[in-house]
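Below are the chains, spelled out letter by letter.
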Amino acid sequence: MEAIHSKYVLLDAEFEDIDNSQRNLRIPEADKTPAEIIAYQLGWLQLVMGWDKDERDGRAVNMPSPGYKWNQLGGLYQSFYEAYAEYSLSELRDLFRQKEQQWLDWVGTLTEEELFTQGSRQWTGSKENWPMARWIHINSVAPFTSFRAKLRKWKKYVHLVPLDPPSVP
């Protein structure tokens, strides 16, 4: 849990010097905008916790999400971006902070056996070496780390662009 939170803190800090007016700025050098990075994380964290809740409550687990198959992730990501499109960067960061805390709280409820024994939850599948701990890592620590690098690259290029570009006559 320490790794999750420390990587989250590093990622969140990268948003500090991004102006809200730039949250949706798309540049060729980066595949996601700052707002999309947070929306993606909000979406995935909620999905994974939802899979676990559904299974524990005896409901069918629809993976990755109702209406989407694993080969339709682009559409799923787009649904995340649309769900959070109207939020300011500050609001997105607040939601992300809350969701990361929910994630930590959820992970904290899991036993060692649930975390590290393959098949302790049906939604984790039957592939060897894919226990819950791995699903948790690939949906938090790993993307928090990679998105920090992507956001730093985005900032490198964007900071060459003025916040208020001159009007075109």
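Just so it is clear, the model here is predicted, and its values are computed rather than measured.

(A) Molecular detail of the overall build of the protein. Broken down by element type, the protein carries seven helices and zero strands. Each helix and strand of the protein, placed in order from N terminus to C terminus, yields the pattern α-α-α-α-α-α-α. Projected onto its principal axes, the C-alpha positions of the protein cover 60 × 35 × 25 Å. The proportion of buried residues among the 169 residues of the protein is 41%. Separation between the mean location of the 20 positive side-chain charges and that of the 24 negative ones in the protein comes to 5 Å.

(B) Spatial organisation of helix α1 (residues 2-13). Here α1 is twelve residues long and its end C-alpha atoms lie 17 Å apart, about the 16 Å a rise of 1.5 Å per residue gives. Taken together, the buried positions of α1 are occupied by Ile4, Tyr8, Leu11 and Asp12. With its buried residues spanning 95° around the axis, α1 presents them on a single face. The secondary structure elements touched by the buried residues of α1 are α4 (89-109), α6 (132-138) and α7 (141-158).

(C) Inspection of the pattern of salt bridges at higher detail. Scanning the model with the defined rule gives 14 salt bridges in all. In this structure, Glu14 engages Lys155 in a salt bridge whose closest nitrogen and oxygen atoms are separated by 2.8 Å. A residue pair is termed long-range when its members are at least 10 positions apart, and Glu14 in the loop between α1 and α2 (34-56) and Lys155 in helix α7 qualify at 141 residues. Like Glu14, the residue Lys155 is buried in the burial classification. Asp57 is paired through a salt bridge with Arg59; the nearest N and O atoms lie 3.3 Å apart. Here Arg59 falls in the partly exposed class, since its relative accessible area comes to 43%.

(D) Layout of the environment of Leu110. Its place among the elements puts Leu110 in the loop between α4 and α5 (112-116). Looking at Leu110, the relative accessible area reads 10%, which means it is buried. Between the C-alpha atom of Leu110 and that of Tyr40, which follows or precedes it by 70 residues, the distance is 24 Å. Not counting residues up to four positions away in its chain, the partners in contact with Leu110 are Asp52, Leu115, Arg121, Met132 and Ile136.

(E) Molecular detail of the nonpolar core. Trp103 and Trp106 are the most contacted members of the largest nonpolar core, which totals 43 residues. Of all the secondary structure elements, the ones that give two or more residues to this core are α1, α2, α3 (73-83), α4, α6 and α7. If near-sequence neighbours (up to four positions away) are discounted, Trp103 is found in contact with Ile4, Leu45, Val48, Met49, Ile136, Asn139 and Ser140.

Quick notes on the rules
- Counting from 1, residues in each chain are numbered in the order their sequence is written.
- At least 70 in pLDDT is required for a residue's local features to be given in this predicted model, at least 80 for side-chain atom pairs to be given and counted, and no such filter applies to totals for whole chains, interfaces and linings, which use all residues.
- Note that water and hydrogens are dropped before the side-chain values are worked out from all heavy atoms of the structure.
- Strands are runs of DSSP state E lasting at least two residues, helices are runs of H or I lasting at least four, and both sets are numbered from the N terminus onward.
- Buried means the residue's accessible area, taken with a 1.4 Å probe over protein chains only, is under 20% of the maximum for its type, while exposed means over 50%, and partly exposed covers the values in between.
- Just so you know, the count uses Lys and Arg for positive and Asp and Glu for negative, and it drops His and the chain ends.
- Every charge is mapped onto a representative atom, which is NZ of Lys, CZ of Arg, CG of Asp or CD of Glu.
- Here the expected length of a helix is defined as 1.5 Å per residue gap, with one fewer gap than residues.
- The arc under discussion is defined with respect to the helix axis, by the directions toward the C-beta atoms.
- Throughout, a residue-residue contact means that at least one pair of heavy atoms, one from each residue, lies within 4.5 Å.
- Only one rule defines a salt bridge in this text: a Lys or Arg side-chain nitrogen within 4 Å of an Asp or Glu carboxyl oxygen.
- Side-chain atoms within 4.5 Å are what join buried Ala, Val, Leu, Ile, Met, Phe, Trp, Tyr and Cys residues into a set we call a nonpolar core.

Function cannot be read off these values alone, since they describe shape.
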